[in-house]
Amino acid sequence: MNSITAGNNTRIIVPCIILFTAFLFLFNIGKRDLWAPDEPRYAQVSKEMRDTGNLIVPHLNSVPYPDKPPLLFWLINLFSIPFGKITALSSRLPSAFAGIGSCLALFCLGKSLYRNTRIGLMSALFLATSSKFLWMAHRVAFDVLLTFFVTMAILCFYKGYSEQKNKGWYYALFYMFMAFGVLTKGPVGFILPFCVVLTYIILKRDARILKETRPLTGGIIFAAMVFTWVYLASIYGGKEYTHQILFKQNVGRFASSFAHQRPFYYYFINFPINFFPWCVFIPSIALYLFSKKGQGKIQNILLPLVWFAVVFVFFSIVSGKRDIYVLPLYPAAALLTAWFLNEFIEQFRDRHFKKIGYYPCYSLCGLSLVSGILLPVVVYEAYPQYTPLTIPFTAILLLGGIMLLRFMKYARIIPFLFTVIFIIFIIFNLSTLKAIPVLNQYKSAKEICGKANSLMKPGNKLAMYNFFSDPYLFYTNRNYVEVIHGLDNLREFLNSNEPVFLFVQEKDFRKVSKLPEIPMFVLGKDSVGHRDILFVSNKDM
């Protein structure tokens with residue numbers, strides 16, 4: 001089957017990608033509340049930035065927040081202007097639009113790399129429908145934004161390298177997007193694309209490329225963008241803030257993480273799970289690249305291969321690991337998968353592809369059918385009251401599995417792949433209507449905070465005992481909540497003559513309530529995530 005020609009179809013494909021990803025990433029995005037741990041924290045930091053007018057040094061609970069640079073918080077505030085306040089929707093819009101931009105950038109890169117519009121289109125759709133990337137595009141997070149800037153930096157580098165016109169502009173944009181990456185998540189925004197490009201240049205053995213990138217001019221652009229903020233932050237935040245964000249939050253996490261420590265093999269297990277369903281092709285891609293035919297084509301995929309390897313190795317070395325950290329390698333994985341499946345489409349009758357091409361496809365057929373059968377059974381066993389909700393999911397999975405089998409029977413690979421994409425599209429959007437609202441009951445602190453807001457008057461003191469959790473700060477619409485540790489401090493707080501209020505975990509309440517000298521009246525109770533939370537006061541109301 002011939003590849004889709006590039007010229008006229010690009011004008012049709014780009015709007016189609018925008019419409020598909022916009023619906024996928026934006027549909028129902030503001031319906032659920034902000035879920036701990038990260039979403040309420042970043043929304044609260046943005047809220048305090050808005051309330052104080054301090055755009056240089058982010059704050060959390062009225063204390064400088066040195067964990068992340070300010071770009072995401074700036075964007076959240078920008079998207080919140082039409083709403084007049086920070087909302088769940090406005091907080092998630094930067095991630096959603098970054099997801100759309102990442103897919104468009106990947107389409108352009110795939111099309112430029114292979115002179116093949118089909119590979120560009122498939123890579124964009126594979127990225128959009130990979131499970132972790134799709135979910136993160138619906139969350140308040142730095143990582144989709146970072147992925148967008150890394151992808152754009154690599155795209156601009158390659159356009160400058162491969163095209164004769166506008167080289168200077170492309171390379172200038174390369175440095176600008178790296179600077180945006182640093183303003184998003186610190187030095188990693190520079191390290192990842194720079195190391196990818198440097199490794200690629202070394203393997204190409206073409207020193208001319210390095211000179212072409214105009215490192216002096218680019219360095220000035222980069223420094224002007226990044227160090228303007230760093231300089232202002234050092235003035236407004238002081239030496240301690242600057243030290244925290246430049247060293248402890250970056251160098252410290254690399255050398256000896258103080259959070260999320262994982263073994264070096266963490267991503268070998270975690271990445272394939274999060275790249276579902278396209279992870280089923282990873283073993284086939286590896287087998288093909290080690291074959292004689294595949295080894296002859298490694299030069300064709302050198303850039304995405306280097307991209308994937310550099311990011312994977314970098315984060316495997318870093319002591320602190322989370323599944324979202326490696327999100328910037330998902331575009332590379334999508335490109336490699338699209339390239340392999342394009343090879344499969346064009347050589348599907350080849351004996352070699354009888355195994356490495358067809359087996360993963362049949363496994364997806366089986367997964368769809370088995371999931372459709374087991375889903376209602378599993379839900380009935382665990383949560384019987386929600387069994388009726390599984391009916392549409394079961395129908396889609398079973399019908400989709402049957403269609404996939406039929407396409408494979410007649411070796412119709414392209415309709416097979418688009419059916420997989422369509423199944424994911426329907427299942428995910430249906431989940432936002434049916435499953436997410438159910439989970440929201442258990443993941444959101446908005447309900448108990450609403451109860452608290454209805455009972456408290458302006459000026460009443462509010463505290464948390466033995467824990468601090470961002471949702472209770474955000475949903476009580478405050479910029480500061482006292483955190484109390486120790487029985488003596490709690491006794492002093494609750495023995496106030498004025499009504500005071502407290503969020504306390506049920507396990508701590510059971511211990512403290514036995515002490516007669518500490519007055520505590522329960523006004524509300526809720527389960528939020530793994531915590532059972534009580535809202536109490538020193539006065540009965």
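This one's a predicted model, so the numbers in the text were calculated from it and none came from an experiment. (Residues numbered from 1 in each chain as written. Predicted model: local features only at pLDDT ≥ 70, side-chain atom pairs only at ≥ 80, totals over all residues. Heavy atoms only, no water.)

The subject of this paragraph is the layout of surface pockets. Quantified by volume, the largest pocket comes out at close to 1,200 Å³. In terms of lining, the largest pocket is formed by 34 residues, of which the most central are L375, F393, I427, S431 and A435. Elements with a contribution of two residues or more to the lining of the largest pocket: α6 (131-136), α18 (358-382), α19 (390-409) and α20 (413-443). With 12 residues, α20 is the largest single contributor of residues to the lining of the largest pocket. Residue composition of the lining of the largest pocket, grouped by class: 27 nonpolar, 6 polar and 1 charged. Its boundaries defined by the atoms lining it, the second largest pocket holds a volume of some 500 Å³. Around the second largest pocket, the lining comprises 17 residues; the ones closest to its centre are I282, A286, L305, F308 and L336. Mapped onto the lining of the second largest pocket, the elements with two or more residues apiece are α12 (266-274), α13 (282-290), α15 (302-317) and α16 (330-346). Considering each element in turn, the lining of the second largest pocket owes the most residues, 5 residues, to α13. The residue makeup of the lining of the second largest pocket, split by class, is 16 nonpolar, 1 polar and no charged. (1 Å grid on protein atoms, 1.4 Å probe; cavity = no way out; pocket = protein on both sides within 12 Å on 5 of 7 lines; lining within 4 Å. Points joined across faces, edges and corners; volume = space filled by probe spheres on them. Helix = DSSP H or I, 4+ residues; strand = E, 2+ residues; numbered from the N terminus. Nonpolar A, V, L, I, M, F, W, Y, C, P; charged D, E, K, R; others polar.)

Turning our attention to helix α2 (residues 38-52). Here α2 contains 15 residues, and its C-alpha end-to-end distance of 21 Å stays within 8% of the 21 Å for a straight helix at 1.5 Å per residue. Of all 15 residues making up α2, 11 are buried, and the element is well covered by its neighbours. Within the span of α2, buried status applies to D38, E39, P40, Y42, A43, Q44, V45, S46, K47, E48 and M49. Just downstream of α2 lies G53, where phi reads positive at about 80°. (Expected span 1.5 Å × (residues − 1). Buried < 20%, exposed > 50% of the residue type's maximum accessible area, 1.4 Å probe, protein only.)

What follows covers the packing of aromatic side chains. One pass over the full model with this rule turns up 48 aromatic pairs. With a centroid separation of 4.9 Å and 45° between ring planes, the pair formed by Y472 and F503 is classed as tilted. Taken together, the positions of Y472 in helix α22 (residues 470-474) and F503 in strand β5 (residues 500-505) put the pair 31 residues apart, joining distant regions of the chain. Among the residues examined, Y472 registers a relative accessible area of 2% and is labelled buried. By way of ring pairs, the aromatic residues Y266, Y267, F268, F271, F275, F308, F312 and Y330 are connected into one cluster. (Phe/Tyr/Trp six-rings, centres within 6.5 Å; stacked < 30°, edge-to-face > 60°.)

All we've got here are geometric facts, nothing functional implied.
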